[in-house]
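# A look at the structure
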Amino acid sequence: MAAFRELGLAPWLVEQARQLGLSRPTPVQAACIPPVLQGRDCLGCAKTGSGKTAAFVLPVLQALSEDPYGIFCLVLTPTRELAYQIAEQFRVLGKPLGLKDCVVVGGLDMVAQALELARKPHVVIATPGRLADHLRSSNTFSLKKLKFLVLDEADRLLEQECTDFTEDLEVILGAVPARRQTLLFSATLTDTLNELKSLAMNKPFFWEALSEVRTVDELDQRYLLVPETVKDAYLVHLIQTFQDEHEDWSIIVFTKTCKDCQVLNMMLRKFNFPSVALHSMMKQRQRFAALAKFKSSIFRILIATDVAARGLDIPAVQVVINHNTPGLPKIYIHRVGRTARAGRHGIAITMVTQYDIHLVHAIEDEIKLKLQEFSVEERFVLDILTQVYITRRDCEIKLEGMDFDEKKEINKRKQMILEGKDPDLEAKRKAELAKIKKKNKQFREKIQQTLEEKKQLQLKKKLQKRTERQNRLCAKEEK
Ligand SMILES: Nc1ncnc2c1ncn2[C@@H]1O[C@H](COP(=O)(O)OP(=O)(O)OP(=O)(O)O)[C@@H](O)[C@H]1O
């Protein structure tokens, strides 16, 4: 394969890449860097951990070094943690340029971000919601001269799942120039390819890794069939086994909900495991702190929701455990892709209950590979079953006392504020709407009741008349 130099990158950038340990380009880099340097739009689809970030960071930096100004490049990404990770790559590789970057994500001070944006950074790395908020509320910066628009995890940004970015993307696309280079990357582009192609119209170059299997060869993919009620005991047993056998391994456990994530973290800590949680109901500073502890291997176990499923690059992660079977094969691909990155080996174990077997089949169909069974000595699990059950119950009771659901309500209010809505006004509006609905219902019921009463009355009168008529007839006959 060609060296970085042969792809058209400048010597200073090749040297910078080498210092970071990138000595030879990965296939996605070798394929995508030249067309991007030629000014073409690019859609790159390559497996998790294959170096897609540098595939866009390097050519953007090269173009920036030839014509430096701000704001030159905007990178959009679905999660806050990922935004910081990408910013770090720009910072390290772009150090000789004196690169100025700005990270614009939710959960942090908006005023400080607005000030930074006004200073015209070369590169802005943002989550769509917060950037759209800035665009709606301020005119202290402009994206009109932008040269590059990058959508990392592009399919996630376009799909309408739990967090729907559509409205925010519309605001952002309205603020960037039509004449620009658009770069779109993900490990799972194919589902949204048509929408993505409409974003990249400048002689787009599409590259997809030539491979039947959609996950990396270095990943050992297993399933563990467990009854729903004893999942946690299996989890504790698995973690204990990995910790005993491989002290230096880091483990990510993916859970379905924030509450599950919080309870499992509390439970594992009761068993003295060095774990931290990461989910969207935590304050942003807590999220960063948890991730920093995990990345520095101070805490070797991360319990996370899908907020950590995409993009995070933590080389020490050797094991991914899916506490629930992901409902979508795409989510499975990203989750298990947190291990076995950049040619390293890793293992992914998915817990499967009797109700999830169809989900496993869907995953296998998508990745074009059969998962192998992971065997566990059940007597060890049986030994800890009761203890794990009681500990989990204790943690659930404790969590209820901590008003976890109330916090959810508070977070909803915060989200409204970020969306420029007044939560009290919204609550009032909702209450008024409910009142009107209730009144309408009462009114309808009253009409119904009156109609019913009238009907009854008419029926009564009819019956009365009939009886009177019969009485009269009887009286006549008697006469
Ligand atoms: N040319 C290279 N040589 C060696 N290592 C590389 C090279 N390019 C990237 N890497 C390393 O590979 C790891 C994964 O890269 P990156 O995070 O860009 O993957 P990705 O394809 O974006 O994965 P995901 O789909 O999970 O987001 C990083 O640690 C990065 O430093």
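Anything mentioned here points back to the structure above.
Treat the numbers as computed from the prediction; the structure is a model and nothing was measured. (Residues numbered from 1 in each chain as written. Predicted model: local features only at pLDDT ≥ 70, side-chain atom pairs only at ≥ 80, totals over all residues. Heavy atoms only, no water.)

## Here we look at the overall build of the protein chain
If you tally the helices and strands in the protein chain, you get 17 helices and 14 strands. By the compact-globule yardstick of 23 Å for 479 residues, the protein chain is too spread out, its C-alpha radius of gyration being 30 Å. Structurally, the protein chain occupies a C-alpha span of about 130 × 65 × 40 Å along its principal axes. The buried share among the 479 residues of the protein chain stands at 48%. (Helix = DSSP H or I, 4+ residues; strand = E, 2+ residues; numbered from the N terminus. Rg over C-alpha atoms; globule rule 2.2 N^0.38 Å. Buried < 20%, exposed > 50% of the residue type's maximum accessible area, 1.4 Å probe, protein only.)

## Focus: the pattern of salt bridges
Inspection of the entire model under this criterion finds 20 salt bridges. The partner of R287 in a salt bridge is E81, with the nearest N and O atoms 2.8 Å apart. Of the two residues, R287 is situated in helix α12 (residues 284-295) and E81 in helix α4 (residues 80-93); the sequence distance between them amounts to 206 residues. The buried category is assigned to R287, whose relative accessible area is 4%. When salt bridges that share partners are traced, they join D232, D260, R392, R393 and E396 into one network. (Salt bridge = Lys/Arg side-chain N within 4 Å of Asp/Glu carboxyl O.)

## Structural notes on the packing of helix α6 (residues 128-137) against helix α8 (residues 166-175)
One can describe the packing of α6 onto α8 by two numbers: an axis separation of 9 Å at closest approach and a directional angle of 55°. By the criterion of interaxial angle, the relationship of α6 to α8 is oblique. Judged by the sense of rotation from one axis to the other, the crossing of α6 with α8 is left-handed. Mapping the contact onto sequence places P128, G129, L131, A132, L135 and R136 in α6 and E167, D168, V171, I172 and A175 in α8. For the contact of α6 with α8, the per-class residue count stands at 7 nonpolar, 1 polar and 3 charged. (Axes fitted to C-alpha atoms, helices over the stretch in contact; angles between N-to-C directions. Parallel < 35°, antiparallel > 145°, perpendicular 65-115°, else oblique. Left-handed = near helix turned anticlockwise from the far one by under 90°. Contact = heavy atoms within 4.5 Å. Nonpolar A, V, L, I, M, F, W, Y, C, P; charged D, E, K, R; others polar.)

## A few points about the sheet that holds strand β12 (residues 317-322)
Read across the sheet, 7 strands follow the order β10-β11-β9-β12-β13-β8-β14 without closing on themselves; strand pairing throughout is parallel. The two strands at the open ends of the sheet, each matched to only one other strand, are β10 (275-278) and β14 (372-373). For β12 and strand β13 (residues 346-352), the ladder comprises 4 bridges, and the chain directions are parallel. Directly across from N322, in β13, lies its bridge partner T350. Across the sheet, helix α13 (residues 329-336) is in contact with β8 (219-225), β9 (250-254), β12 and β13; its angle to β12 comes to roughly 150°. (Pairing = 2+ DSSP bridges.)

## So, the sheet that holds strand β4 (residues 123-126)
Spatially, 7 strands are ordered β3-β4-β2-β5-β6-β1-β7 in an open sheet, and the strand pairing comes out parallel. Since the sheet does not close on itself, it has two edges, and those belong to β3 (101-104) and β7 (205-208), each with one partner. The average undirected angle you get between the axes of adjacent strands in this sheet is 10°. Sheet topology places strand β2 (residues 73-76) next to β4; 4 bridges connect them, and they run parallel.

## Quick notes on helix α11 (residues 258-270)
Compared with the 18 Å implied by 1.5 Å per residue over 13 residues, the 19 Å span of α11 between its first and last C-alpha is a close match. For α11, the set of buried residues is C258, D260, C261, Q262, V263, L264, N265, M266, M267 and L268. Where α11 terminates, the next one or two residues include N272, which has phi positive at roughly 65°. (Expected span 1.5 Å × (residues − 1).)

## Describing the layout of surface pockets
Rolled over the atoms, a probe as big as a water molecule pinpoints where empty space is left. Put simply, the second largest pocket is a space of about 1200 Å³. If you go around the second largest pocket, you meet 46 residues; those closest to its centre are G49, S50, G51, D313 and A342. At the level of elements, α2 (27-37), α3 (52-66) and α4 are the ones that each hand at least two residues to the lining of the second largest pocket. Ranked by the residues each element gives to the lining of the second largest pocket, the list is headed by α4, at 6 residues. Taken together, the residues that form the lining of the second largest pocket break down as 17 nonpolar, 16 polar and 13 charged. (1 Å grid on protein atoms, 1.4 Å probe; cavity = no way out; pocket = protein on both sides within 12 Å on 5 of 7 lines; lining within 4 Å. Points joined across faces, edges and corners; volume = space filled by probe spheres on them.)

## A short note on the pairing of strand β6 (residues 181-186)
For β6, a buried count of 6 out of 6 residues is recorded, marking the element as mostly surrounded by other parts of the structure. Every second residue of β6 is oriented toward a common face, with Q181, L183 and F185 on one face and T182, L184 and S186 on the other, all of them buried. Where strand β1 (residues 42-45) meets β6, 4 bridges bridge the pair, whose relative direction is parallel. When the sheet's bridge partners are listed, G44 is paired in β6 with F185.

## A closer look at the environment of K197
Along the chain, the position of K197 falls in helix α9 (residues 193-199). Counting along the chain gives 13 residues from K197 to L184, while the straight-line C-alpha distance between them is 9.2 Å.

## Re the site of the ligand
Surrounding the ligand, one finds 20 residues, the nearest of these being R24, K52, T53, D313 and R341. A distance of 3.1 Å separates an oxygen atom of the ligand from a polar backbone atom of G51. Take R338: an N or O atom from its side chain is 2.9 Å from an oxygen atom of the ligand. Coverage of the ligand by the protein amounts to 87% of the 640 Å² it exposes when considered alone. At a threshold of 2 Å from the grid points, most atoms of the ligand map onto the second largest pocket. (Near = heavy atom within 4 Å. Polar contact = N/O pair within 3.5 Å; in protein donor to acceptor, adjacent residues only side chain to side chain. Areas by Shrake-Rupley, 256 points an atom, 1.4 Å probe, with all protein chains shown as cover. Sits in = over half its atoms within 2 Å of the grid points.)

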